[in-house]
Amino acid sequence: RKTVEALDAVRSARVRVGTAGVLNVDITPRTPVAVWRDGGVLRLLDEEGTFAGFVETRADRLDLPLIAGQGAQAHIAEALALFRDAKPIGSRLRGLVRMGERRWDVVLDRDQRIMLPVENPQRALERVIALESAQDILSRDVARVDMRLARRPTVQMTQLAAEERTAQQAAFRARNQ
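Thresholds, definitions, all that
Residues numbered from 1 in each chain as written. Predicted model: local features only at pLDDT ≥ 70, side-chain atom pairs only at ≥ 80, totals over all residues. Heavy atoms only, no water. Salt bridge = Lys/Arg side-chain N within 4 Å of Asp/Glu carboxyl O. Helix = DSSP H or I, 4+ residues; strand = E, 2+ residues; numbered from the N terminus. Buried < 20%, exposed > 50% of the residue type's maximum accessible area, 1.4 Å probe, protein only. Phe/Tyr/Trp six-rings, centres within 6.5 Å; stacked < 30°, edge-to-face > 60°. Core = buried A, V, L, I, M, F, W, Y, C linked by side-chain atoms within 4.5 Å. Contact = heavy atoms within 4.5 Å. Lys, Arg positive; Asp, Glu negative; His and termini not counted. Polar contact = N/O pair within 3.5 Å; in protein donor to acceptor, adjacent residues only side chain to side chain. Expected span 1.5 Å × (residues − 1). Arc of directions from axis to C-beta. Axes fitted to C-alpha atoms, helices over the stretch in contact; angles between N-to-C directions. Parallel < 35°, antiparallel > 145°, perpendicular 65-115°, else oblique. Left-handed = near helix turned anticlockwise from the far one by under 90°. Nonpolar A, V, L, I, M, F, W, Y, C, P; charged D, E, K, R; others polar.

## Some details on the pattern of salt bridges
Now for step 1: In the structure shown here, the tally under the stated rule is 15 salt bridges.
Now for step 2: Asp46 is the partner of Arg11 in a salt bridge, and the nearest nitrogen-oxygen pair spans 3.1 Å. Taken together, the positions of Arg11 in strand 1 (residues 10–17) and Asp46 in the loop between strand 4 (41–45) and strand 5 (51–55) put the pair 35 residues apart, joining distant regions of the chain.
Now for step 3: Two residues, Arg103 and Asp105, come together in a salt bridge whose shortest N-O distance is 2.6 Å.
Now for step 4: Taking relative accessible area as the criterion, Asp105 reaches 2% and is therefore assigned buried.
Now for step 5: Within the structure, one salt-bridge network assembled from shared partners comprises Arg11, Arg30, Asp46, Glu47 and Glu48.

## Some remarks on the packing of aromatic side chains
Aromatic ring pairs are reported here in terms of the distance separating the ring centres and the angle at which the planes meet.
Now for step 1: Inspection of every chain in the model, using the stated rule, returns one aromatic pair.
Now for step 2: Between Phe51 and Phe54 the ring centres are 4.8 Å apart and the planes differ by 65°, which places this aromatic pair in the edge-to-face class.
Now for step 3: Overall, Phe51 belongs to the partly exposed group, its relative accessible area being 21%.

## Notes on the nonpolar core
Now for step 1: Ile67 and Ile114 are the most contacted members of the largest nonpolar core, which has 28 residues in total.
Now for step 2: Listed by contribution, the elements that provide at least two residues to this core are strand 3 (34–38), helix 2 (76–85), strand 7 (93–99), strand 8 (103–108), helix 3 (121–135) and strand 10 (142–146).
Now for step 3: Of the residues forming this core, the biggest block, five residues, is contributed by helix 2.
Now for step 4: Ile67 has contacts with Val35, Trp36, Arg37, Leu45, Ala72, Gln73, Ile76, Ala79, Phe83, Leu96 and Trp104, leaving out every residue within four places of it along the chain.
Now for step 5: If you look at the next biggest cluster of nonpolar residues, it comprises seven residues, including Val35, Leu42, Val55 and Leu64.

## Details of the side chain of Asp146
Now for step 1: Relative to the elements of secondary structure, Asp146 occurs in strand 10.
Now for step 2: What makes Asp146 buried here is its relative accessible area of 16%.
Now for step 3: Discounting chain neighbours no more than four positions away, the residues touching Asp146 are Met115, Arg152, Pro153 and Thr154.

## Some points on the environment of Asp60
Now for step 1: By the secondary structure assignment, Asp60 is in the loop between strand 5 and strand 6 (66–68).
Now for step 2: Judged by its relative accessible area of 44%, Asp60 falls in the partly exposed class.

## A few points about the side chain of Glu132
Now for step 1: Considering the arrangement of structural elements, one finds Glu132 in helix 3.
Now for step 2: This buried residue, Glu132, is left without a salt bridge; Arg92 holds the nearest opposite charge, at 5.2 Å.
Now for step 3: At 3.1 Å, the side chain of Glu132 and the backbone nitrogen of Ile137 are in polar contact.
Now for step 4: Not counting residues within four places of it along the chain, the set of residues in contact with Glu132 comprises Ile89, Ile137, Leu138 and Ser139.

## What to know about helix 3
Now for step 1: For helix 3, with 15 residues, the first-to-last C-alpha span of 21 Å sits near the 21 Å given by 1.5 Å per residue.
Now for step 2: Taken as a whole, helix 3 has its buried residues at Pro121, Ala124, Leu125, Val128, Ile129 and Glu132. In an axial view of helix 3, the angular spread of the buried residues amounts to 140°, which keeps them on one side of the axis. Residues of helix 3 that are exposed and point more than 90 degrees away from the buried face comprise Arg123, Ser133 and Ala134.
Now for step 3: Looking at the buried residues of helix 3, the elements they touch are helix 2, strand 8, strand 9 (113–115) and strand 10.

## Let's talk about the packing of helix 2 against helix 3
Now for step 1: Relative to each other, helix 2 and helix 3 sit at 20°, their axes nearing to 10 Å. Judged by the angle between their axes, helix 2 and helix 3 are roughly parallel. Both helix 2 and helix 3 take part in a crossing whose hand is right-handed. For the pair helix 2 and helix 3, contact is made by Glu78, Ala81, Leu82 and Asp85 and by Pro121, Gln122, Leu125, Glu126 and Ile129, respectively.
Now for step 2: Looking at the contact of helix 2 with helix 3 residue by residue, the classes come out as five nonpolar, one polar and three charged.

Following this line, the structure appears as structure tokens:
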């Protein structure tokens, strides 16, 4: 039993000797709920953050959410809750990255990030989703939405948008001189 339970994909095992001396092994497997990018290695994690196997490529398990960063596996419950809360932007969601073993960044397509605070990350994510619903903030040329300071959320434009804005301001000043 101990040998079988030592396998990564096995949650528990029950071993008994059946009729005619046949060894019966009943296995309860670990059910993966997320893929953890640990450096260059993709690991499967169960709902407790316990290692449940490897995958070769991300494409092997696109059905599971992706997390990354040092210590991310220890906060799997919080990550799964954030994934559930992010359903309104789910088609754009690429994964979560644990930052400094303290907080999460939500990674979206177009290289956008939502930087969540240590405290109440779900509430901060809900605020960004509300902004997206009301003002399409994530549909604009935004690179980062920094929610780490609840009283002062900050939006950072993309480099291209910032350059265009600077050019517009320069043109405006030139016309008005």
